[in-house]
Structure formats: C-alpha cells, structure tokens
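# Fold and geometry: a report
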Amino acid sequence: MDSESARKIMIVGLPNSGKSQVFNNLTGEYTVVANSPLTTIQLKRTRCRIGNQICEIIDTPGLHGLYVHSEEELVVRDAIFSDRPDVIIQCMDANRLKQSLTLAADLLTLSLPMIISLNALDETSRKGIWIDSEGLSRLLGVPVVESMAIYGQGTRELKGLLEKARRAMVKVRYGDVIDDGLLTMGAELRDDFPYNYTASLLMLRKDPFIMGQLAKTYGDLKVKSIQKEADEIRGRFRGNINRFIIGKRNRWIDDVTEKVIKKQKIAPREFSQRVAGLSRHPVYGLPILLMVIYAMFYLVVNVANVLSEWMTAMLWTPVETLITRVFPSGFWHELCIGEYGVLSLGLANALLTVLPILGVFFLLFNTLEDIGYIPNLSVMTNRVLNKLGLSGNAILPLVLGFGCKTMAVLTTRTLRSKRERNIVVFLIAFSIPCAAQLGLNMSILGMMGAGSFIIAFSVLAFIGVAAGMGLNMILKGEEKIPFIQELPAIRFPRPMPVLKKTYYRLYWFLKESLLVFVYAALALFTADRLGILDAVKRGLSPVIEGVLGLPLAMTDAIILCFARREAGAGFMINLVRNGEMDYIQSIVAVVITTTFAPCFATVMAMGKELGARRTLMMMVAIGISALVVSGSLRWILITIR
Amino acid sequence: MKNKRKDKEEYLERLWELKEAGSESLDDFMRAVKDDYDPELLDSLTSDGLVELDEKEKRIKLTAGGADQARKIIRAHRIGERLIFDIFGGDFETAACEFEHTVTAELVDGICTLLGHPGECPHGMPIPKGECCRSKASTAHKQVVPLKDLEIGQTARVAYINTKDDRQMHNLDDLQVRPRSVVKLHQKYPCYVVECEGAHIALDEEIVSSICVWSDNEPNESDKSELLEFGRKHRKRRGLDFLFGRKR
C-alpha cells in the first residue's frame with residue numbers, strides 16, 4: 001500500500017461526539033471510546049480497505065470551530081491544512097445540533113467533500129426530538145447519514161457514501177462587503193492554498209495563528225498584502241466584525257435548525273437527567289460518590305480477590321506441584337517457581353493475581369465511564385480546586401488521572417495557564433492512583449478491612465490537597481481563567497460496549513506488560529543470584545525497615561513498581577497473603593507505592609509536557625515528599641495504636 | 001437649525017469613534033465623514049469649544065466638553081441599538097419598521113411600563129390602554145437580569161453577554177450560549193450548571209454573572225406543574241419589585 005493511492009478520510013467533530021466510535025466502526029480496530037470529552041488527545045491514523053479503495057482514516061481530538069485561541073486547539077486545524085484530506089466526516093451529536101452546526105459552518109468553508117454522520121439519534125428520539133436528516137442534507141449541501149454509532153448502525157451507509165461524497169458548496173453569507181472582500185482576499189492565495197476562503201475568513205476575524213501559519217509557507221510579503229486587504233475591509237465595516245460574523249452565523253444556524261428540528265412539547269422526564277442532577281448535587285453528590293467508591297471496593301474485594309485466589313488454587317497449585325516433583329530444589333526450581341521465578345513472579349503474578357483484579361475493576365470503571373459519571377464530578381470539586389489555586393478547567397485532567405496517569409498528563413496541555421499545568425501534573429504524578437493501581441490497592445487493603453482503605457485513601461486525598469496548597473503558595477499567581485466545562489450527558493451503561501472495552505483494556509494490559517513481568521522477574525532473579533539485590537536491600541534497609549517499617553522484601557515491590565505498577569502491586573498482594581505484612585505495614589506500603597514515583601510511561605509523558613529539567617525536579621520532590629509522608633504516617637499510626 | 005444640530009452630533013459621534021480607534025488625524029476624520037465634510041461646521045464646533053483643530057499638523061480631537069457631549073450621544077445611540085438588537089435579534093437596520101409586527105403584547109407592556117404608561121403618541125393620538133396600565137404596574141414584566149439571579153429550574157432566553165474578552169465570548173458561542181439561546185439553570189452550588197441547546201455546561205460565578213437573560217420567560221411545560229410555576233412567578237416578581245424600588 002503506497003501512501004499516494006490511499007484516500008485520506010478525516011473524522012472531525014465536537015468533543016464527545018462519537019468520533020472514535022465511528023473510527024472503530026470504519027476500521028474494525030479498537031480505540032478507547034468513553035462518554036467524556038478529552039478521550040482522544042492525539043491524532044490517530046490507520047489504513048483499511050473500504051469498498052475497492054484503500055483508505056487512511058484519521059481520528060482527531062474534539063474541535064469546536066476552525067477559529068482557535070490556543071496552540072492545543074490548533075492540532076486539528078493544522079492536520080486539516082497540512083494533510084489535506086480527501087473527505088471529511090463530521091460527527092454530529094444530534095443532541096447538540098446547534099453546536100455541531102457552528103463547526104459545520106466552518107468546515108463547509110473548506111469546500112472539501114464532506115459527509116455528516118448524524119449520531120446518537122436513539123437519544124434524541126427518546127427525548128421527543130425529530131431531526132429531518134434529508135432536509136439537513138439539502139440545506140447543507142452534503143450527504144447526511146443517520147447513525148447510532150455505538151451500536152454500529154449507519155456504518156454501512158457511511159461506507160457506501162464515502163465514494164459519493166461531494167464538494168461542499170453551501171456557505172454562510174455575511175453580506176456584500178464581507179463576501180466580496182473574502183473573494184478578493186482569497187484570490188491572492190488561490191493557486192497556492194486550497195483553503196483560501198477559510199484562511200481569508202480567519203484573517204478577517206484576526207485569528208491569532210493564521211498569519212504565522214501562512215507566512216511560513218507563502219512568505220511574509222504575500223501575507224502582508226492580504227492582511228492589508230483584511231484591514232481595509234474591517235475599516236469599511238463599522239463595529240466589531242467578529243461579533244457581526246458570529247451573529248450572522250448564529251442566524252444561519254437558527255434558520256437551519258428551525259427547518260429541520262421538530263420537538264414534541266411534552267417529553268418524558270428523563271431518569272438519567274435525575275441521576276445527573278443528583279450526582280452533582282451539593283448535598284447528595286458526596287454520599288453518592290462515597291457509595292460508588294464503596295461499591296467498587298466491595299466488589300473488588302469480594303469478587304476479584306476470591307476469583308484470584310480460586311484461580312491460584314485451581315491453576316497454579318498443580319503447576320507448582322508438578323515442577324517441584326521434577327526439580328525438587330536447586331537452580332531450575334528457583335528460576336521457575338522460586339521467590340523471583342519466571343513463572344511465579346512473572347506469569348502467575350500477571351495472570352492469576354493481577355489479571356482477575358483488573359478484570360473486575362475495569363468492568364466497573366468502564367461502566368462508570370460509559371455512564372459519564374466521572375466528568376460530572378467536576379461540578380462537585382470546583383470549589384475545592386479553587387482553594388488549590390486551580391480553575392475548574394483543571395478538574396478533568398485530574399479526574400482522568402484515575403483512569404490512566406499517562407493520558408491525564410497529556411491532557412494537561414489543554415490548560416492555558418502554565419502554573420496550573422505544573423500543579424496538575426504534580427498532583428497527578430504524586431497523589432492520584434491510576435485505575436489499575438486503584439483496583440489493586442483496593443484488593444490489598446481489602447484483605448486488611450475497609451478501615452485500612454479509608455485511612456490510606458484519606459491520606460492520599462489529604463496530601464493531594466496539601467501539595468496543591470503548597471504549590472499554590474510557591475508558584476507565582478497568574479490571572480484567573482474563567483471556568484467553562486461542557487458535561488457529558490449521563491447515559492445508561494450499555495453492556496456490549498462496556499464488555500468490549502474491558503476486553504481490550506485487559507488485552508492491552510497483557511500485550512504491553514506480560515513480557516515486562518517476565519523480564520522484571522528475570523532481572524530480579526539475576527540480581528539476586530549475583531548478590532546485587534542483597535547489597536541494594538542492605539543499602540536501603542535503613543529507609544525501608546527503619547523509616548517505613550516495611551519488610552525488606554518490599555524493596556522488590558518498589559523496584560517492580562518502576563517497571564510496571566501492576567507487577568509491584570501483584571508482588572505486594574502475595575506478601576499480604578503470606579502474612580508478611582500487618583495492618584499498618586499494608587497501609588504504608590500502599591501509600592509509598594502510590595506516591596513514590598509514577599510509572600515509566602507517565603515520566604515520559606511528563607517529560608514531553610514539561611521538559612526534562614522540570615520533570616527531574618518534580619521527580620525528586622515527589623520522591624522526597626513520598627518518603628516523608630509515608631514515614632510520618634507510619635509513626636502516627638503506631639503512636640495512635 | 002435642527003438639522004444643523006443633528007449634523008454637529010454626527011460629527012461628534014465620528015470624532016468619538018476616532019478617539020476609540022486611537023486616531024487624531026484629520027485625514028481619518030475626513031475619510032469617516034466622506035461627502036458630508038463641511039469646514040464651516042467644524043469651525044462652529046471649534047468656536048463652541050467642543051473640538052480642537054490644528055490645521056498645520058492636520059490633527060483634530062475632542063475637547064473635554066466635546067467628549068462629554070459626544071459620550072451622551074453615543075450612549076443614546078448605542079442603547080437604542082442595543083434595545084432593538086436584543087429584541088429583534090441582530091438586524092437593527094431594518095428592525096424599526098418591523099417593530100409593530102414583531103413585538104409581543106408582553107413586550108409592549110414592558111416598554112409601556114418603562115415609559116411610565118404614556119397616554120398619547122407623539123402625534124397626539126390616544127394610545128389604547130394595556131393590561132399594565134390598568135394594573136398600574138411599576139415594574140416591567142420582562143426584564144433583563146443576570147443569569148445567576150434566576151431560580152433553579154427556570155428557563156430564560158439570553159439577552160446579551162457582558163464580556164470584553166473576545167476569547168470568552170467565543171468559548172461561550174462555541175457552546176451556543178449567545179443572545180437568543182434558551183438556557184435553563186440547573187444548579188447554583190458548588191458551581192453553576194446550565195443547560196443550553198441540549199448540552200449541560202458547568203460555569204463559575206464570574207461567567208454566569210456576565211450572562212444576562214430575559215427573566216420571566218415562558219415556563220417550561222414539561223418541567224413543573226402550572227401551580228408551582230405560578231407560585232414561582234409571583235415570588236419572582238416581588239423580588240424584582242424590591243430590586244426596582246431600591247434602585248429608584
């Protein structure tokens with residue numbers, strides 16, 4: 001497949017409008033979809049065959065319009081300008097038709113072949129809203145496919161239409177002065193740049209980036225002359241031209257929606273809206289959050305732990321017996337099933353200890369994600385975050401940290417203030433356990449009783465708040481950025497998508513880390529044989545045993561944690577099961593492994609977002625704080641008891 | 001004489017606009033007034049002490065007194081535009097002629113109240129009395145209030161958004177929070193949650209304060225029973241009376 005012949009198809013749409021789902025449907029691959037904005041934060045491309053053609057499908061992060069304010073919003077526009085897709089598929093969330101049309105108005109100016117995938121029609125029809133998709137197609141001049149992407153409905157029609165996609169001809173009219181001006185401006189770029197109309201409009205609206213972008217390719221001179229033209233048009237125009245353009249566009253949107261939307265006067269009161277309201281309620285919100293956490297804890301402890309123990313008994317014990325019969329002791333016995341055995345610490349740890357726990361946890365976590373509960377928490381936490389010097393916009397990255405810290409660190413680029421970005425990255429790296437770790441922590445502490453879970457997580461919450469307040473004081477203030485956050489609609493969880501996502505998350509876990517488990521076991525085994533491990537342990541024993549009061553074997557767990565969180569946690573679970581750690585030790589162990597250092601992938605993401613120097617500084621600060629916190633926690637717990 | 005005053009005011013307006021644009025150049029001024037340029041008029045403005053003209057340097061600017069007068073004219077002009085703009089939704093050039101066709105009885109009552117229930121039109125013909133005159137209402141039924149003053153569960157149409165920040169305006173516009181959109185307030189604490197065109201949006205107090213809505217809009221049928229809605233309306237109006245009274 002050479003790159004010349006592939007047809008580029010770019011999927012564009014508002015945040016949380018189902019782009020990734022359409023991507024999955026078209027390509028047959030799987031990328032994570034969730035009922036939350038910021039699920040996709042980087043472009044994703046893949047090639048596949050649709051009909052008789054080889055296509056390159058490009059999934060993009062959410063976009064509200066082509067006029068952008070900041071670098072991070074530029075990603076998609078840059079991709080359109082530089083990739084020059086052959087077809088654009090706009091995912092429209094039927095619930096948010098007007099907002100989608102704002103984007104459509106911009107996309108139509110590109111004059112590219114375009115198809116609209118009108119998504120989530122199941123939800124609008126339940127609400128008593130009917131959308132005339134044929135009328136919409138007529139008014140916009142591009143094909144519209146009715147779809148319910150999550151169930152795969154509409155995919156076949158979309159594929160069929162890809163070949164018939166037509167160039168968009170409809171444009172919003174802004175009156176003679178502007179329309180003629182845009183044509184004159186566009187004419188100067190015509191031969192060089194296919195999207196000259198769009199570029200002219202953006203220049204007229206004083207988009208902060210378009211000048212630089214065009215100047216890079218077409219030279220300062222040309223851009224200056226067009227800029228002069230734009231100034232002249234603005235001069236001929238009284239008042240704020242931007243507002244005028246937005247006003248005209250909104251008028252067009254109102255006209256279109258008036259023609260295509262029919263609403264029943266009475267709609268069923270939606271139970272899901274009730275749930276949404278309650279989950280953000282100032283009084284009921286907190287108990288609901290606590291109940292959700294408790295339910296997860298309960299299920300992880302009572303289902304996952306039991307499952308894991310049962311699997312160990314059923315699958316591991318026979319293997320162990322067999323190997324002991326063949327190699328009663330000695331090198332091979334140790335290598336296979338010894339303390340650092342490839343089978344015991346490697347395979348069994350991953351497959352029998354960690355996998356069942358993650359399975360249960362991801363099932364619950366993905367259900368919450370599908371409901372859309374997690375981003376709705378941003379309403380509850382807004383005020384707390386203000387105390388930490390963070391605007392409400394910082395909530396989403398923080399909350400997403402409970403899913404995957406690496407992704408969460410990458411989403412901090414949506415934060416406009418540098419100061420906020422630093423605080424949020426620090427908090428994610430320091431005090432927030434990722435989904436895998438959260439599940440495993442629940443499992444470890446579950447064996448000690450709910451009290452230990454409450455203590456450990458109160459400590460984590462406390463140090464998170466304390467660290468935020470500390471950073472807020474240290475880092476110098478910037479102007480406050482107002483908080484505007486779109487919340488995903490609360491939905492009933494749908495079993496198939498949840499199961500599918502759980503399957504893929506477990507599959508990725510095995511694919512990415514099964515070998516890491518084995519290599520880590522091998523490395524520890526070798527280090528142990530060479531006596532290095534003992535030396536390290538002896539060196540660290542004042543800290544591990546002295547300060548933290550943990551068994552020396554925890555050194556191995558902490559080392560494993562660097563490689564892969566789950567490997568370290570799996571090792572700890574076995575320590576607890578074998579009775580090598582008591583109540584206090586388990587709590588301290590969970591706190592130190594959660595806070596001490598983020599995993600390798602997160603560190604790489606931090607380096608990418610903050611630069612190497614700052615990352616290093618942060619890692620040192622995190623390491624020291626983790627030791628101080630865990631050490632004093634142990635001291636306090638012992639004193640109290 | 002009357003026309004001359006109007007022309008002078010036009011000049012003062014243009015000069016104010018130049019001031020806003022940061023220009024004192026006579027050329028810019030001549031460009032702004034185009035064919036209506038009249039040196040005599042400028043002279044008389046100068047002799048009135050409203051304008052400072054430096055013909056050598058080709059500079060022109062308002063004096064303190066001139067700026068004061070220009071400010072009043074501009075204010076009147078823009079408030080007028082604002083009124084029509086908010087009610088008719090943007091197309092204020094042609095809106096005036098459409099006035100009697102577009103306006104609702106409710107709105108006429110509101111304007112009538114604001115004008116103190118006038119009995120005659122400017123031509124001296126009697127104005128038929130409305131509901132508001134009979135009840136001697138002292139508060140306009142429809143009023144623009146900040147969104148945060150709505151009660152939870154209330155629906156209202158956005159009148160305008162008070163923001164100087166272009167970026168904030170864009171952010172809100174991307175979410176279709178803009179004049180003429182219908183919003184519903186769901187929650188005020190810990191932060192504001194507003195429903196707009198099918199999406200839920202969390203906002204902080206600062207932004208919610210900058211959004212102004214027409215209060216007392218049509219109640220949302222699906223939401224509360226008539227009785228509850230009725231009670232709320234009355235409560236609301238008393239609250240506004242209080243506000244209005246205090247202002248006076």
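Described below are features of the structure shown in this document.

## Some points on the overall build of chain B
- Counting secondary structure elements, chain B contains 10 helices and 8 strands.
- In chain B, which comprises 248 residues, the share counted as buried stands at 40%.
- Considering only contacts within chain B whose residues lie at least 6 apart along the sequence, 59% involve residues at least 24 apart.
- Element-wise, carbon and sulfur atoms account for 53% of the exposed surface of chain B, whose accessible area totals about 14500 Å².

## Brief notes about the overall build of chain A
- A tally of helices and strands in chain A yields 28 helices and 9 strands.
- Its C-alpha atoms put chain A at 85 × 55 × 55 Å along the principal axes.
- With 641 residues in all, chain A has 57% of them scored as buried.
- Considering only intrachain contacts with a sequence separation of at least 6, the fraction spanning at least 24 residues in chain A is 77%.
- Looking at chain A as shown, the accessible area adds up to about 27600 Å², and 62% of this sits on carbon and sulfur atoms.
- Chain A carries 70 positive and 54 negative side-chain charges, and their two centres are separated by 4 Å.

## Overview of the sheet that holds strand β7 (residues 199–203) of chain B
- Pairing within the open sheet is antiparallel, and its 7 strands lie in the order β9(A)-β7(B)-β6(B)-β5(B)-β4(B)-β8(B)-β3(B). Edge positions in the sheet fall to β9 (484–487) of chain A together with β3 (144–146) of chain B, since each of these pairs with one other strand and no more. Taking the axes of each pair of neighbouring strands and ignoring which way they run, one obtains an average angle of 40 degrees across the sheet.
- One ladder, built from 4 bridges, connects β9(A) with β7(B); its direction is antiparallel.

## A short note on the pattern of salt bridges
Residue and element names in this part refer to chain A.
- Applying the stated criterion to the full structure yields 29 salt bridges over all chains.
- The salt bridge involving Glu56 is made with Arg47; its shortest N-O contact spans 4.0 Å.
- Among the residues examined, Glu56 registers a relative accessible area of 11% and is labelled buried.
- Overall, Arg47 belongs to the partly exposed group, its relative accessible area being 28%.
- Measuring nitrogen to oxygen at the nearest pair gives 3.8 Å for the salt bridge that ties Glu309 to Arg577. One end of the pair, Glu309, is in helix α13 (residues 285–326); the other, Arg577, is in helix α25 (residues 565–577), with 268 residues separating them in the sequence.
- The exposure class of Arg577 is partly exposed, given its relative accessible area of 25%.
- Through salt bridges with shared partners, one network takes in Lys8, Arg45, Arg47, Glu56 and Asp83.

## Thoughts on the sheet that holds strand β4 (residues 87–93) of chain A
Residue and element names in this part refer to chain A.
- Here we have 6 strands laid out as an open sheet, ordered β2-β3-β1-β4-β5-β7, and mixed in their pairing. Each edge of the open sheet is held by one strand with a lone partner, namely β2 (44–50) and β7 (144–146). When the angles between neighbouring strand axes are averaged without regard to direction, this sheet yields 25 degrees.
- Two strands pair when backbone bridges link them, and strand β5 (residues 114–119) and β7 are joined in this way by 3 bridges, in the parallel orientation. Bridge assignment links Leu118 to a residue of β7, and that residue is Glu146.
- The strands touched by helix α3 (residues 97–108) are β1 (7–13), β4 and β5; relative to β4, the strand with the most contacts, the crossing angle is about 165 degrees.

## Structural notes on the interface of chain B and chain A
- Residue-level contacts link 40 residues of chain B with 40 residues of chain A.
- Summing both sides of the interface, chain B and chain A together bury roughly 3800 Å²; the carbon and sulfur share of this comes to 47%.
- Linking chain B with chain A are 4 salt bridges.
- Between Asp254(A) and Arg178(B) there is a salt bridge, and its shortest N-O distance comes to 2.8 Å.
- Linking chain B with chain A are 15 residue pairs in polar contact (both at pLDDT 80 or more).
- Listing elements by their share of the side of chain B that touches chain A, those giving two or more residues are α1 (2–21), α4 (64–88), α8 (166–174), β6 (192–196), β7 and α9 (205–210) of chain B.
- The element best represented in the side of chain B that touches chain A is α8(B), accounting for 9 residues.

## Looking at unusual backbone geometry
All names here are of chain B.
- Omega for the bond connecting Tyr189 with Pro190 falls within 30 degrees of zero, at 0 degrees, which places this linkage in the cis form.
- Along the chain, the position of Pro190 falls in the loop between β5 (182–187) and β6.
- Phi at Gln176 is positive, roughly 65 degrees, even though this residue is not glycine.
- Backbone geometry places Glu197, a non-glycine residue, at a positive phi of 45 degrees.
- On the secondary structure map, Glu197 appears in the loop between β6 and β7.

## A closer look at the environment of Trp130(A)
Residues and elements named next belong to chain A.
- In this fold, Trp130 is placed in strand β6 (residues 129–131).
- In this structure the C-alpha to C-alpha distance between Trp130 and Lys262, which are 132 residues apart in sequence, comes to 5.1 Å.
- With near-sequence residues (within four places) excluded, Trp130 lies in contact with Val260, Ile261 and Lys262.

## Topic: helix α7 (residues 176–189) of chain A
Residue and element names in this part refer to chain A.
- Spanning 14 residues, α7 covers 20 Å between terminal C-alpha atoms, matching the ideal 20 Å at 1.5 Å per step.
- Buried residues of α7: Ile178, Asp179, Gly181, Leu182, Met185, Gly186 and Leu189, and no others. Down the axis of α7, the sector holding all buried residues measures 160 degrees, keeping them to one side.

## Here's the deal with the nonpolar core
Residue and element names in this part refer to chain A.
- If you look at the biggest cluster of nonpolar residues, it comprises 105 residues, and the most contacted ones within it are Phe361, Leu390, Leu550 and Met554.
- Looking at which element gives the most residues to this core, the answer is helix α15 (residues 342–371), with 13 residues.
- Beyond its immediate chain neighbours, meaning those up to four positions away, Met554 contacts Ile544, Met572, Leu575, Met581, Ala589 and Thr593.
- Membership of the second largest hydrophobic core comes to 62 residues, among which are Met92, Tyr197, Ala199 and Ile226.

Parameters and conventions
- Residues numbered from 1 in each chain as written.
- Chains lettered and ligands numbered in written order.
- Predicted model: local features only at pLDDT ≥ 70, side-chain atom pairs only at ≥ 80, totals over all residues.
- Heavy atoms only, no water.
- Helix = DSSP H or I, 4+ residues; strand = E, 2+ residues; numbered from the N terminus.
- Buried < 20%, exposed > 50% of the residue type's maximum accessible area, 1.4 Å probe, protein only.
- Contact = heavy atoms within 4.5 Å.
- Areas by Shrake-Rupley, 256 points an atom, 1.4 Å probe, with all protein chains shown as cover.
- Lys, Arg positive; Asp, Glu negative; His and termini not counted.
- Charge placed at Lys NZ, Arg CZ, Asp CG, Glu CD.
- Pairing = 2+ DSSP bridges.
- Axes fitted to C-alpha atoms, helices over the stretch in contact; angles between N-to-C directions.
- Salt bridge = Lys/Arg side-chain N within 4 Å of Asp/Glu carboxyl O.
- Buried area = accessible area lost by both parts, 1.4 Å probe.
- Polar contact = N/O pair within 3.5 Å; in protein donor to acceptor, adjacent residues only side chain to side chain.
- Expected span 1.5 Å × (residues − 1).
- Arc of directions from axis to C-beta.
- Core = buried A, V, L, I, M, F, W, Y, C linked by side-chain atoms within 4.5 Å.

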